[in-house]
Each structure stands twice: as structure tokens, then as C-alpha cells.
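Single-letter residue listing:
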Amino acid sequence: MGLFASGIEKYFDRWLAEARIDFFPPSISFRICMSPLDTHQASRSVDIDFNVPFRHRLRFTDDCFGCDWSSILSLFEAAEGTARLQVWVDGGIAQADSDLVSRISDSILSSPKLELTSPIAVLEGGEQVKNSDQIVLDLLAAMHRDRLDRRNYILVIGGGAVLDAVGYAAAVAHRGIRLVRFPTTTLAQADSGVGVKNAVNAFEKKNWKGTFAVPWAVVNDRRLLSSQQDRDFRSGFAEAVKVALLKSPATFDWLCENAPKIAQREMTFALQAIRDSVLTHLHHITYGGDPFEANEARPLDFGHWSAHKLESLCRYQMRHGEAVSIGVALDVVYSSLAHGLSKSVVNRTLRIFRDLQLPIYHELLQTSAIFEGLEEFRQHLGGRLTLTMLQDVGQMLQVHEVDYAKMKQAIEMLRTERLE
């Protein structure tokens, strides 16, 4: 084997020399895969491991299109002349905050190094924006019309659905135009705004069509939350509860104490919960070792197998955060029945959701169709079914099978709220 390996190395050195390829740094290691019968031929398999550098830029502001605009300007780079920007605004926030579009326009036009490629466009918000192929085609047509290239910027200001739809179009145009997200909901600021996924719905399945693309930047702004309706404001914190259960006992304890204040929109507590949540999500994405979900496990989707199915079954009449609170409640109860999670953690989790005025049960859980969500979840990730469950706060367990009897028991316990 030593002579064989030596022969491969000599062959490869000769190939590099003859090809005049001298740009591989010494740190690169090659694996040349050949059988002994192939020693007289060129190598038939070359595997090279490499990393692609990404930078995640997250900014916290109080008024990004007002007094904090100067801190945002540094995000826009221009090799020559001006940075070109196309802007999309969620129709819901545009209607609730009547001067938002003019504030954005004034901020951009007051900056000599920025160019607005076309008037700011308003896009209908809500989950319906992800249900139409025509909307994505219209977005792409607008990007083509404005002659955007990969060094231009697309700014999207809105809730998670609009961020998703515009982000998907931006990711596939020229294989990726720089996207700057300004999430306007507690849900998006606490979770999806920093995510590396962009997706739209297809075949009556949530997020069936999508891409992985790291946003150029994300701006979490306090003022953008001010016009959000109470129901939507509260529902955003379901993801904060989820990630605290997975990653941070200290944050979970803090949420137990302060959930009522968050529900009453005491912003000191609400902003702290958002910050803790988004930084925990961001740490998992950047340091968790699997940002593009190539592995079996997808821990940040704890409780989502049923949540996504609930949204589909109710035709998206339910808020995503409401579906997540139900899905997390279900998997927490199931974890106690099947994996030894303490009743104390179950009761404290359900108390947080009650204090946040979020649901823990919906009658659609009783339909047989809810279990179709398990197979759809498996397909979405690929490979065998892998669900995250809990043994304790901060102690995750990956499982590949579901005890249907115990899951149905968990559903019944949520329905009756008899958890003993």
C-alpha cells in the first residue's frame, strides 16, 4: 500500500506540474481514490473539503429610518460610485405606519452614496404572499427591470412571510443578490429574521420550495414593532420559549417570571426576550456546525412537525407563532410521557404560554391528518424521520420513531388540560 500511495502522490504532482496549477495552498489536503487496477490511469475521484466564508451582520436599533439611520449606512458597500438599492415593504406595516414608506425614501435619498433603483414597492403581507408563484415571478421581473446585480442590495421591511418571499426571489436572482432584512414582527425579530432559509409554499405544504442563503444583514428595530397588533405581538414569543427550552435554562426561568409583562407589551422585557432569543438562534446557526441542515437533526424546529401541518390544515388562519406554541406544548407533553421530561417543566412551559395568552390546543390536533405532518417533516429534511424531544430544559434528545398511542394521549391531555 505504501508504494501504491506513493505512486498516486507522484501522479498527482506530475498532473499539477503539467497543468501549470500552482494556486493550491499547502494547507489543502487531497484524497485520491483509485483501485489498484487504475494505477496506470488518471485518478477517477478527487474529493476536496473546503469552507465557504460567511458573515452574519445583526444590528439593534431604536429608529433605523430616523435617528439611527447613520449606523445603518455602513452596511452598504459600493466598489464604485453609489450603492444601488431596491426596497420592498410589507403592506400590513405600510398601512399601520402611514409615513413609513416616506421615511424610508427620505433616508435613502438623503444619502449621496445610495441610489434607489425604483420607487419603493409595497407587497401584500401575510402567508398568502408565499402561496402564489406569480408573486415570485413579479419580484424577479422587478429585479430584472432594475438591472440589479449581485453587488446591489434588496431591502425588505416586513413580517416573516414577506421576508421569506422576497428573500427567496433575491436568492435565486443571479444566484444571490445581497438581502438586508428589516423584520417588523416580534416573531421575525426573535427567530426567522436571522435564519438562513428562504422559502415559499407549494403543493399545499409549507416552505416546500426554498433555498439556503445567508442574509447580507438583519436590522432589529424597536420602532418597527410599535404598530403590530397585540395578537401578533404575543404570538412571536412562542419561538423564544422554544429556543429557551432547547438551549438555556436561565432564559427559561426568566420567561417563567416575566411572560405576563411581555404579554402586556412592557417593552423592556419584550426587547430582552427578543434579544435573548435571536442571539441564541444566531449562535446555533453560526456555531452549531450545520447551518444548511445537511444532518439528520433540526433542533430549531422543535414542535414544528405539527405546527406546520396545523397551519396548512387551517388554511393559514392561525398565526405561525400560535401554531408553534401548540406544537411545542404537544412535544413537551409527549416528552414527559415518552422520554422522562419532568411534570414540573411541562407545567411551567404551559404556564408561560398561558401568561403570553397563546393557545396550547386546537381541535385539528384530533384529526388523523395531523400525523401526515410527520412524513412531510421527514421529506423536508430528508433521510429518516428525526425529531427533537426533551429530557430536561437544555437537554435535547433526537428520536427516529413516534409512539402514536402516547402522542394521542398527549393530544388528549392538552385538550382536557389534565396533565397529571
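Quick summary incoming for the structure in this document. Everything numeric here is computed off the predicted structure, so don't read it as measured data.

Parameters and conventions
Residues numbered from 1 in each chain as written. Predicted model: local features only at pLDDT ≥ 70, side-chain atom pairs only at ≥ 80, totals over all residues. Heavy atoms only, no water. Phe/Tyr/Trp six-rings, centres within 6.5 Å; stacked < 30°, edge-to-face > 60°. Lys NZ or Arg CZ within 6 Å of the ring centre and 35° of its normal. Patch = residues over 30% accessible without salt bridge, like charges linked within 9 Å, V, L, I, M, F, W, Y side chains within 5 Å. Areas by Shrake-Rupley, 256 points an atom, 1.4 Å probe, with all protein chains shown as cover. Salt bridge = Lys/Arg side-chain N within 4 Å of Asp/Glu carboxyl O. Helix = DSSP H or I, 4+ residues; strand = E, 2+ residues; numbered from the N terminus. Buried < 20%, exposed > 50% of the residue type's maximum accessible area, 1.4 Å probe, protein only. Axes fitted to C-alpha atoms, helices over the stretch in contact; angles between N-to-C directions. Left-handed = near helix turned anticlockwise from the far one by under 90°. Contact = heavy atoms within 4.5 Å. Nonpolar A, V, L, I, M, F, W, Y, C, P; charged D, E, K, R; others polar. 1 Å grid on protein atoms, 1.4 Å probe; cavity = no way out; pocket = protein on both sides within 12 Å on 5 of 7 lines; lining within 4 Å. Points joined across faces, edges and corners; volume = space filled by probe spheres on them. Parallel < 35°, antiparallel > 145°, perpendicular 65-115°, else oblique.

### Concerning the packing of aromatic side chains
By convention here, two paired aromatic rings are described through the distance between centres and the angle between planes.
Part 1 of the argument: Within this structure, the stated rule accounts for ten aromatic pairs.
Part 2 of the argument: Ring-pair connections join several aromatic residues into one group, and the members of that group are Phe 65, Trp 69, Phe 76, Tyr 153, Phe 182 and Trp 216.
Part 3 of the argument: Above the ring of Trp 216, the side-chain terminus of Arg 57 is found at 3.8 Å from the ring centroid.
Part 4 of the argument: Lying over the aromatic face of Phe 233, Arg 265 brings its terminal NZ or CZ to 4.2 Å of the ring centre.

### Let's talk about a nonpolar patch on the surface
Part 1 of the argument: On the surface, Phe 50, Val 52, Phe 54, Phe 212 and Phe 292 cluster together into a nonpolar patch covering about 530 Å² of accessible area.
Part 2 of the argument: As for its position among the elements, Phe 54 is in the loop between strand 2 (46-47) and strand 3 (58-61).
Part 3 of the argument: Classification of Phe 54 by relative accessible area gives exposed; the value is 54%.

### Digging into the packing of helix 10 (residues 249-263) against helix 11 (residues 267-287)
Part 1 of the argument: One way to put it is that helix 10 packs onto helix 11 with a least axis distance of 9 Å and a crossing angle of 145°. Considering the relative orientation of helix 10 and helix 11, their crossing is left-handed. For the pair helix 10 and helix 11, the contacting residues are Thr 251, Trp 254, Leu 255, Asn 258, Lys 261 and Ile 262 in the first and Phe 269, Ala 270, Gln 272, Ala 273 and Asp 276 in the second.
Part 2 of the argument: Partitioning the contact of helix 10 with helix 11 into residue classes produces six nonpolar, three polar and two charged.

### Some details on the environment of Tyr 404
Part 1 of the argument: Within the fold, Tyr 404 resides in helix 16 (residues 404-416).
Part 2 of the argument: Counting along the chain gives 33 residues from Tyr 404 to Phe 371, while the straight-line C-alpha distance between them is 8.9 Å.
Part 3 of the argument: Those residues within four positions of Tyr 404 in sequence are excluded, and the remaining contacts are Phe 371 and Leu 374.

### Description of the layout of surface pockets
Over the atoms rolls a probe the size of a water molecule, and in doing so it shows where empty space is left.
Part 1 of the argument: Taken as a whole, the second largest pocket holds about 530 Å³ of empty space.
Part 2 of the argument: In terms of lining, the second largest pocket is formed by 23 residues, of which the most central are Phe 54, Gly 176, Arg 178, Val 214 and Trp 216.
Part 3 of the argument: Mapped by element, the contributors of at least two residues to the lining of the second largest pocket are helix 6 (160-172) and strand 8 (178-183).
Part 4 of the argument: Grouping the constituent residues of the lining of the second largest pocket by class yields 13 nonpolar, three polar and seven charged.

### Quick look at the packing of helix 9 (residues 238-247) against helix 11
Part 1 of the argument: Close contact between helix 9 and helix 11 brings their axes to 9 Å; oriented N to C, the two are set at 55°. Classed by the angle they form, the pair helix 9 and helix 11 counts as oblique. With respect to the hand of their crossing, helix 9 and helix 11 are arranged in left-handed fashion. Contacts between helix 9 and helix 11 involve Glu 239, Ala 240, Lys 242, Val 243 and Lys 247 on the former and, on the latter, Ala 273, Ser 277, Thr 280, His 281 and His 284.
Part 2 of the argument: Broken down by class, the residue content of the contact of helix 9 with helix 11 amounts to three nonpolar, four polar and three charged.

### Considerations on the pattern of salt bridges
Part 1 of the argument: One pass over the full model with this rule turns up 20 salt bridges.
Part 2 of the argument: Put simply, Asp 97 and Arg 103 hold a salt bridge, and the shortest N to O gap is 3.2 Å.
Part 3 of the argument: A relative accessible area of 11% means that Asp 97 is categorised as buried.
Part 4 of the argument: One salt bridge connects Glu 412 with Arg 415, and the closest N-O pair in it is separated by 2.6 Å. Residue Glu 412 and its partner Arg 415 are located together in helix 16, separated by three residues, close to a single helical turn.
Part 5 of the argument: Judged by its relative accessible area of 32%, Glu 412 is partly exposed.

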